[in-house]
Structures are given as structure tokens and as C-alpha cells.
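# Structural description and commentary
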Amino acid sequence: MADRLVILGAGESGVGTAILGKKKGFEVFVSDFGKIKDKYKQVLLHHEIEWEEGGHTEATLLSATIVMKSPGIKDAAPIVLTLREKGIPVISEIEFAAAYTEATIVGITGSNGKTTTATLTYQLLKDGGLNVALGGNIGKSFAEQVAEDKYAHFVLELSSFQLDGIVKFHPHIAVLTNLSPDHLDRYDYKYENYIAAKFRIAMNQTADDYFIYDADDEEIAKWLATHPIRSKKIPFSVRKELEEGAYIKNKQIILTIDNTNLTMPIATLGLQGQHNIKNAMAASTVATLLKIRKATIRESLESFQGVEHRLEKVLRINKVLYINDSKATNVNATFYALDSMETPTVWIVGGEDKGNDYSELLPLVNEKVKAIICLGVDNEKIVNAFGNVVDVMVETQSMQDAVQIAYRMADRGETVLLSPACASFDLFENYEDRGRQFKEAVRNL
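Residues numbered from 1 in each chain as written. Predicted model: local features only at pLDDT ≥ 70, side-chain atom pairs only at ≥ 80, totals over all residues. Heavy atoms only, no water.

### Section: the pairing of strand 9 (residues 173-176)
Neither face of strand 9 is exposed, since Ile173 and Val175 on one face and Ala174 and Leu176 on the opposite face are all buried. Two strands pair when backbone bridges link them, and strand 6 (residues 104-109) and strand 9 are joined in this way by four bridges, in the parallel orientation. Pairing of Gly107 across the sheet is with Ala174, part of strand 9. For strand 9 and strand 10 (residues 210-214), the ladder comprises four bridges, and the chain directions are parallel. Looking at strand 10, one finds that Val175 is bridged to Ile212. (Buried < 20%, exposed > 50% of the residue type's maximum accessible area, 1.4 Å probe, protein only. Helix = DSSP H or I, 4+ residues; strand = E, 2+ residues; numbered from the N terminus. Pairing = 2+ DSSP bridges.)

Dropping the structure here:
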């Protein structure tokens, strides 16, 4: 009898896993607690995969040999606890799909910068002529791309939730961009649990693999000092010179690996800002390990323009610049955004709080922000944190209103910044939806 693969959640990762499972001879069943989007329903029907929506039929789920859980479903969800009690393995899409590919895998995780670093790494490898795909927490499902069976390399952006569900997953090159408190609501409000989840990216690596990391990050350094990893460690830093790895000297990035040297003037990078220098260091380290030519790496870094919803300049209206940073779903990401503001700023902030501590933003808000527009169902924490720091604070419940109010508040030469520091699920479908609504509202001004 065929093994039964049950999939919880019919989003991008769930449907991709269903396609791969069917191709590999599993009996596949997809169950979604909510409504399945039409585009995904069509795919399931096309592949003749059985599904249900609006709830889980427990008996059907408990007949599984293996269960793939979408990253959005919490480990503490009743159905997940029931499956685990019955001894049925519950894994992530990444774990399931990796078993069916011989491709070289580059896995990228971190609290911030992982999308930019993954997209940039993919660009460098593609420009260098490798047969490479981008997946994981971004774009098209990794499992579906494995099912297509046409790529020699994968660059995967990996969230802590995806890493929670791995057992044997083993990237040849792992990147950890940085650590800052995020998603603590999913980790019993313990920062160390979240850090441990991120480091799972290296748990199956061997001495033939590579681990690229930010040497300036205290939490990473602390963890590595007490939890040795087997892979070869390659650091990057903007503060100190390194014998091996990437660092800065005389306004140049200098990268040294196994007697290979690459230098690159910071001024020519397509993306500016200290965090983007780090993203560029991580990506060029991967490209160098995979033997991409130096000239190609330099050209790609010069032409790369960034990712949607990450400090994305939308429009300038009446000499006011509107910036979409909807991807800033935690405090640390918003710290980068505010830090890069060079004019007085009207800041749109708020959403679903994940256990945020806003105190580290106070000096920046004091220095740069002239007004705050709260955009969330519950804004109490933001009001308490910044009520005494800014003169003007307004609460809104829709993007349309938030942008209209910002338009009236911002004077010539100033900036309107959407950088929410929170998840989007209270008012929006996801951060992309939030960012697109912001851009649309700005274009309609």
C-alpha cells in the first residue's frame, strides 16, 4: 500500500508538497482549517489531489504515514499535538522536498536581511551561469520546483518555522544574517528558543559544508562559543579585519577564502546602507564558494536594486518621498529603516504585535520622527511607547486613511515611511498585501 502523505495548510508550500508527493507515489490528502484560495484549488483539482477546507477531519489525518505542516500553523495547534501523540512524524516542506533532490542547497536564515540576501545570492549565481532556483519562504514553492526536477542549485530563504520542522535537512552552504527578537509569541516568549530554531540550519552540516555568519552579532558569537558546529565557519564583519571571510577596509569590501581574494568598492553597490553591505558580503561569500567569477560578482552587486516591500521608494509627491518598508515585521527591521532616514519622517507603524520591545527605537524616533500614524487593531503598546516622544500621534484602521493623513502631515522635503515593526495579520492578508495597499493608496493621492 502506498504511504499516505497528509498536508496541513493549502498555501504555496502545502500545494507544492502535494504535487511532489503525488509525483513520488504517495497517496496525498490536503486539509485546510480555513478556506483554500481558488488558484490553489485549481492546482489540486488539476493534479487530482483530494482536499478538504473549513476544518480538519481527524480520522482522515490520523491515517497518515507522514504529515507536512505549513509554516503558518503553530506547533501548539491541537491537531499537531494529536498527530505527534500518535507518533506520526510532522515535518516541514523543506524537509520533505530536500530528500528528493541532488541539487546543491544554499540555505539562508536570520531575523532580518534574509530575503534581500537570498534574492541577491540567487542573482549572483544566475548571472554566473548556474542553473539555479530561488524558493523556501519566498516565491515559488521549493517542493514544486523539486518536482519539476530541472535545477542543479537552490537558494532557499528559511524561516525559523520551516527550520523547526526539519530532521535531516542539510544545506551545503548555510547563511545566518543576524539575530534579533522576533516571533517570540511562537517560542514561549523565550529568545533562546528562537535562537536555537535559527541554528537548526547547521545541525546536520558536516566538515565539508560551510556556515556563513555575521561576526558582529553578539548573540551569534555567544551561541557558537557554547554550541560548536561541524561546518567550516566563514564570518563577515563591518567592524573588524578578518583573516578569512569578508570585512571592510578603505571603503572596500575585502573577501578572502582559501587564498581567493575579491575586493569591491562600497560606493558602487546597488544597495546602500550598512545592513545591505552585510547582505552583499554574505551573498558574495556564497558566490565565491560556488566559483562565480569576480567580475560577475562585482557587476551583479552594482546592478542589484533590492526587493519589493523592503525600503522601496514608491513615489515623490509635492517633494515628499513615500517609502514602502512593509516587510519590516519586527522592531530590528524598523530600526534599520528609521536609521536610514535623512529627513523628518511621518512614520506609519503597527499591526499584530509579536511580543515587541520598542525601547531600542526611542532615540531614533526622537531624532527623526515628526509624527506617528498607528495602523492596527490594537495600538496601545505603540501609544504607550512613543506618546511622550512625538507631538502628533493618530490612530487609524485602514491604509487609505493612514496615507491620507500622512499626506496632510508631511511637508516638502520630508518622508512618509511605512515600516510597521509588526505582523500584518490583524488588518491585511500578509505583508505583501499591506505593502501593495500602501503603494496603491499613494498612487491615488
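What follows continues from the structure just given.
### Remarks on empty space enclosed by the protein
For the coordinates displayed, the defined rule picks out three cavities of 30 Å³ or more. Quantified by volume, the largest cavity comes out at close to 130 Å³. If you go around the largest cavity, you meet 15 residues; those closest to its centre are Asn112, Gly113, His275, Asn279 and Tyr336. When contributions to the lining of the largest cavity are tallied by element, the ones reaching two or more residues are helix 11 (274-289) and helix 13 (331-339). Here the lining of the largest cavity is composed, by residue class, of four nonpolar, seven polar and four charged. Within this model, the second largest cavity holds a volume of roughly 70 Å³. Around the second largest cavity, the lining residues are Thr116, Leu120, Leu269, Gly270, Leu271, Asn276, Asn279, Ala280, Leu301 and Phe304. For the lining of the second largest cavity, the elements supplying multiple residues, two or more each, are helix 6 (114-127) and helix 11. A per-element tally of the lining of the second largest cavity places helix 11 first, with three residues. Class assignment for the residues of the lining of the second largest cavity results in six nonpolar, four polar and no charged. (1 Å grid on protein atoms, 1.4 Å probe; cavity = no way out; pocket = protein on both sides within 12 Å on 5 of 7 lines; lining within 4 Å. Points joined across faces, edges and corners; volume = space filled by probe spheres on them. Nonpolar A, V, L, I, M, F, W, Y, C, P; charged D, E, K, R; others polar.)

### Some thoughts on the environment of Lys69
With respect to the secondary-structure elements, Lys69 resides in strand 4 (residues 66-69). When the C-alpha atoms of Lys69 and Ala10 are compared, they prove to be 9.7 Å apart, with 59 residues separating the residues in sequence. Sequence-distant contacts of Lys69, that is, excluding residues within four places in its chain, are made with Leu8, Lys74, Asp75, Val80, Val90, Ile91, Ser92 and Arg186. A polar contact of 2.6 Å, which involves the side chain of Lys69, links it to the backbone oxygen of Ile73. (Contact = heavy atoms within 4.5 Å. Polar contact = N/O pair within 3.5 Å; in protein donor to acceptor, adjacent residues only side chain to side chain.)

### Brief notes about the sheet that holds strand 16 (residues 320-324)
Judged by pairing direction, the sheet is mixed, and its six strands sit side by side in the order 15-16-20-17-18-19 without closing on themselves. Two strands in the sheet have a free side with no partner beyond their single neighbour: strand 15 (312-317) and strand 19 (392-396). Here the strands of the sheet are splayed against their neighbours by 20° on average, with no regard to which way each runs. Pairing of strand 17 (residues 345-349) with strand 18 (residues 369-375), which is carried by five bridges, proceeds in the parallel orientation. (Axes fitted to C-alpha atoms, helices over the stretch in contact; angles between N-to-C directions.)

### Brief notes about the packing of aromatic side chains
With the rule as written, the count across this model stands at twelve aromatic pairs. Joined through ring pairs, the aromatic side chains of Phe161, Tyr187, Tyr191 and Tyr194 make up one cluster. Residue placement shows Arg186 over the ring face of Phe161; its charged tip is 3.6 Å from the ring centre. (Phe/Tyr/Trp six-rings, centres within 6.5 Å; stacked < 30°, edge-to-face > 60°. Lys NZ or Arg CZ within 6 Å of the ring centre and 35° of its normal.)

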